[in-house]
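Coordinate inspection notes
One letter stands for each residue in the lines below.
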Amino acid sequence: MLDQIKGLHHVTSMARDARQNNEFFTKRLGLRRVKKTVNFDAPDVYHLYYADEVGTPGSVMTYFPFPNIGKGRHGVGEVGTTIYSVPEGTLAYWEKRFADEGVAGLSRDESFGEKRLGFAGPDGDGFALVENKADTRTPWAKGDVPSDEAIRGFHSVSLRLKDGGATEELLKFMGYEEVDTSGSVKRLAVKNGNGANIVDIESLPGAAFADLGAGSVHHVAFAVENRAKQLEVRKALIDTGYQVTPVIDRDYFWAIYFRTPGGVLFEVATNEPGFDRDEDTAHLGEALKLPSQHQHLRPYLEQHLQKLEG
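Below is a short write-up of the structure.

Calculation criteria
- Residues numbered from 1 in each chain as written.
- Predicted model: local features only at pLDDT ≥ 70, side-chain atom pairs only at ≥ 80, totals over all residues.
- Heavy atoms only, no water.
- Helix = DSSP H or I, 4+ residues; strand = E, 2+ residues; numbered from the N terminus.
- Rg over C-alpha atoms; globule rule 2.2 N^0.38 Å.
- Buried < 20%, exposed > 50% of the residue type's maximum accessible area, 1.4 Å probe, protein only.
- Contact = heavy atoms within 4.5 Å.
- Areas by Shrake-Rupley, 256 points an atom, 1.4 Å probe, with all protein chains shown as cover.
- Lys, Arg positive; Asp, Glu negative; His and termini not counted.
- Charge placed at Lys NZ, Arg CZ, Asp CG, Glu CD.
- Polar contact = N/O pair within 3.5 Å; in protein donor to acceptor, adjacent residues only side chain to side chain.
- Expected span 1.5 Å × (residues − 1).
- Arc of directions from axis to C-beta.

1. Section: the overall build of the protein chain
- Scanning the protein chain from terminus to terminus reveals 5 helices and 16 strands.
- For the protein chain, whose C-alpha radius of gyration is 18 Å, the value lies close to the compact-globule estimate of 19 Å for 310 residues.
- Taking the principal axes of the C-alpha coordinates as reference, the protein chain spans close to 50 × 45 × 35 Å.
- By residue count, 55% of the 310 residues in the protein chain fall in the buried class.
- Pairs at least 24 apart in sequence give 67% of the contacts found in the protein chain among residues at least 6 apart.
- Total accessible area on the protein chain is roughly 13,100 Å²; 48% of this is exposed by carbon and sulfur atoms.
- Within the protein chain, one finds 36 positive and 45 negative side-chain charges whose respective centroids are separated by 2 Å.

Quick look at the structure:
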């Protein structure tokens, strides 16, 4: 069993409209946009990052807003719900806030003994807030949400799978342990993690497979401290039979990718070098940052990319 993985690093999803996406995460959720860059493989499309003040691993939601993308179809083989952690007693604040601002898909329930508020993103993305009194992470204090109610970071992700058994074994190999079961949902967690420690697996054998599109999670990334730890994980996965990409430089972290037995794309990302490698903390996410291979496109991109507030 591996011990290098410390929880979630980021979740990356697809969207249709960059301006709408930016407004939702910065205004509705009160997160900070910590990076405005482009998709390395499609540089005419933004890659937007929303997180706490500094982009701490375990708090980072990222988006590729493709202007003409079709709507995704939810099903098995995907991350069904991305769950954020909020302070105990704050769901009433969030429910009123979301209702006042027209956020769709509001629902209250309790999961694994935790109070939860479900809601939908602009493209039908599945989200929830969970009250977590044990979460001591520091929120983004200068956003549109007061610090006492603000999002602390990720709580968990919930995977929807036709058969969760093989993915459960993979997660256990990656250092996760089963901690609880509720109906068809099995909860796994990594000990001594970064606060975003939980992965839920929901088995839905009769459900149709998901189709990737706007509102879909593209991949979920797990955090390791540095490149040395990442290489250890990569070797172990390859030795176990997984097809893992070479290490890829994503400017703000190093990444490897592999497809899970249940169909979800996993990434293992380093905590280094971080989002302040090319702009100081006070001004994160303000300027358009381009990877070196796309710097020559700056005049075109600055003219053609949709203008964002903030």
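2. Points about the side chain of Gln4
- Inspection of the secondary structure puts Gln4 in the segment before strand E1 (8–15).
- Polar contacts involving the side chain of Gln4 include one to the side chain of Glu232, which spans 2.8 Å.
- If near-sequence neighbours (up to four positions away) are discounted, Gln4 is found in contact with Ala223, Val224, Lys229, Glu232 and Val233.

3. Things to note about helix H4 (residues 227–239)
- For H4, built from 13 residues, the straight-helix expectation of 18 Å at 1.5 Å per residue is met to within 8% by its first-to-last C-alpha distance of 18 Å.
- What H4 keeps buried is the set Gln230, Val233, Ala236 and Leu237. Projected onto a plane normal to the axis of H4, the buried residues spread over an arc of 125° and lie on a single side. Counted as exposed and oriented over 90 degrees from the buried face of H4: Lys235 and Asp239.
- Of the surrounding elements, those touching the buried residues of H4 are helix H3 (165–173), strand E13 (217–224), strand E15 (253–259) and strand E16 (265–273).
- The backbone nitrogen of Ala228 has a side-chain oxygen 3.2 Å away, supplied by the residue at the start of H4, namely Asn226.
- Among the residues trailing H4, Gly241 stands out with phi positive, at a value near 110°.

Nothing here speaks to function; it is all geometry.
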